[in-house]
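Report on the structure
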Amino acid sequence: MSDSEEKNELLERSIDDLMLLNEAMKVTSTVDEGLYKIVDLTCRLMDTTQAALLLLDEEKELFIVRAPVGLDGTNLKDREPLILPDRLQNILFQLRSTHQINALNSGIKGVKFPIIAMPIYFKGNRIGHLITGGAKDPGSSKDPLRRKLFSLLGPFVSLIVENTKASELLEQHFAMNATELLENARQGAKDNAKAAEQLLVTSVRNPSKVVRLLAESFYKQLVKAGFNEGHITTAASRLLECIVNPPEDAK
C-alpha cells in the first residue's frame, strides 16, 4: 500500500470515528445510551473486542460495571459491582493516568489481558475508568495515534455523565427539594453557588450516600404529612418488593 493510500485509509477511518463520536454526543434519552455509544467507539478506535466503563463508588470502595461491550460473565453485568482480586483492585484504585495492565492472576473469567485503563474525571474528581482489552492485533493497542484518540474520549464520557445526571436530578423534583441532600451538597461545596455542582459530583461518586440522604428526607416529609409508622413501614416494604420485582417502566 502506497503512502497516499495509507493516508486516505487513515483519513476515512478517522472520519468514521468522528461521525460515531458525533452520534454519541447527540442528546440521548438515557445515560446508558450515551455510555454504550462511547464504549462501542472505544472498541473501534483501539481495535479491541472488549470495553466498559467502571464507575467508582468511593463509599463502598468498589467499581460498578457500566455499558459493557464484548464482556460476558456473572461478574461483568451492567450496573453490578465488579469483584476484583486485591492486586488488581489496588492498581485501579491508585491509577491516576492511562496505564496498560498486563496479564494478572486476576480470576476474572472472560476478561482478555492486557487491558488499557484510563481514569475518567468529572468536575476535577476521578469517578472511574474507561477500560478496553482483547486486541484483535497485539500491536494495534500500542499505536500512538490510537492511544491519542483513546485519551480524547475521557472528556466526552465526563460530559455525557454530567449532562444526563443534571437532567435526571432536574427531573426528580423530590430530589431537588430534599433538605438533607441539598444541605450536604452546600457543606461539600466551597460556596453556595457551587452547591448544585457538588450535588452532581456526589450523585456520581457516592450514590449510596445520596440514596441514604434521600431516604431520610423522604421519611421526614412523610412524618410531616401526617403518616404514621405503620404507613411508612408499608412504603418501605413496597420498595423492597420493587427491588425484587421491578415495575416494567423502571427496568
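Check the entry above for the structure.
As a starting point, this report considers the structure included with it. Because the structure is predicted, anything quoted here is derived from the model rather than measured.

1. A closer look at the overall build of the chain
A count of helical and extended segments in the chain gives nine helices and six strands. Taken across its 251 residues, the chain has 39% of its residues classed as buried. The long-range fraction of contacts in the chain, counting pairs at least 24 apart against all pairs at least 6 apart in sequence, stands at 56%. Put simply, the chain shows about 14800 Å² of open surface, and 54% of that area lies on carbon and sulfur atoms.

2. Let's talk about empty space enclosed by the protein
Under the criterion given, the structure shown has two cavities of 30 Å³ or more. Estimated volume of the largest cavity: approximately 160 Å³. What lines the largest cavity is a set of 17 residues, and nearest its centre among them are L71, L82, V111, I115 and I131. Among the secondary structure elements, those contributing two or more residues to the lining of the largest cavity are β1 (48-57), α3 (86-94) and β6 (125-135). The leading source of residues in the lining of the largest cavity is β1, at four residues. Per-class residue counts for the lining of the largest cavity are 14 nonpolar, three polar and no charged. Within this model, the second largest cavity holds a volume of roughly 30 Å³. Lining the second largest cavity are T48, P114, I116, T132, G133, A135 and S141. No other element matches β6, which puts three residues into the lining of the second largest cavity.

3. Observations concerning the environment of D143
Relative to the helices and strands, D143 resides in the loop between β6 and α4 (144-171). Spatially, the C-alpha atom of D143 lies 8.5 Å from that of M46, the residues being 97 residues apart in sequence. A polar side-chain atom of D143 sits 2.7 Å from the main-chain amide nitrogen of L145.

4. Side note on the side chain of R126
Relative to the helices and strands, R126 is located in strand β6. Buried charge R126 goes without a salt bridge, the closest partner of opposite sign being E58 at 5.2 Å. Separated by 2.7 Å, the side chain of R126 and the backbone oxygen of F93 make a polar contact. With sequence-adjacent residues up to four places away left out, R126 is seen in contact with L56, E58, L92, F93, L95, R96, P119, I120, Y121 and R205.

5. Looking at the side chain of T48
Mapped onto the secondary structure, T48 falls in strand β1. In terms of polar contacts, T48 uses its side chain to reach the side chain of T132, at 2.6 Å. Once residues within four sequence positions are removed from consideration, T48 is found in contact with T42, C43, T132, G133, G134, A135 and K136.

6. Here we look at the pattern of salt bridges
All told, the structure shown has five salt bridges when counted by the stated rule. Ionic pairing is found between D47 and K136, a salt bridge with its closest N-O pair at 4.0 Å. Highlighted residues: D47 in the loop between α2 (31-46) and β1 and K136 in the loop between β6 and α4, separated in sequence by 89 residues. What makes K136 exposed here is its relative accessible area of 60%.

7. Here's the deal with unusual backbone geometry
Geometrically, the link from F113 to P114 is a cis peptide bond, its omega value of 0° lying close to zero. Note that P114 resides in the loop between β4 (99-101) and β5 (115-122). For R79, which is not glycine, the phi torsion reads 70° and is therefore positive. Within the secondary structure, R79 sits in the loop between β2 (62-69) and β3 (81-82).

Analysis parameters
Residues numbered from 1 in each chain as written. Predicted model: local features only at pLDDT ≥ 70, side-chain atom pairs only at ≥ 80, totals over all residues. Heavy atoms only, no water. Helix = DSSP H or I, 4+ residues; strand = E, 2+ residues; numbered from the N terminus. Buried < 20%, exposed > 50% of the residue type's maximum accessible area, 1.4 Å probe, protein only. Contact = heavy atoms within 4.5 Å. Areas by Shrake-Rupley, 256 points an atom, 1.4 Å probe, with all protein chains shown as cover. 1 Å grid on protein atoms, 1.4 Å probe; cavity = no way out; pocket = protein on both sides within 12 Å on 5 of 7 lines; lining within 4 Å. Points joined across faces, edges and corners; volume = space filled by probe spheres on them. Nonpolar A, V, L, I, M, F, W, Y, C, P; charged D, E, K, R; others polar. Polar contact = N/O pair within 3.5 Å; in protein donor to acceptor, adjacent residues only side chain to side chain. Lys, Arg positive; Asp, Glu negative; His and termini not counted. Salt bridge = Lys/Arg side-chain N within 4 Å of Asp/Glu carboxyl O.

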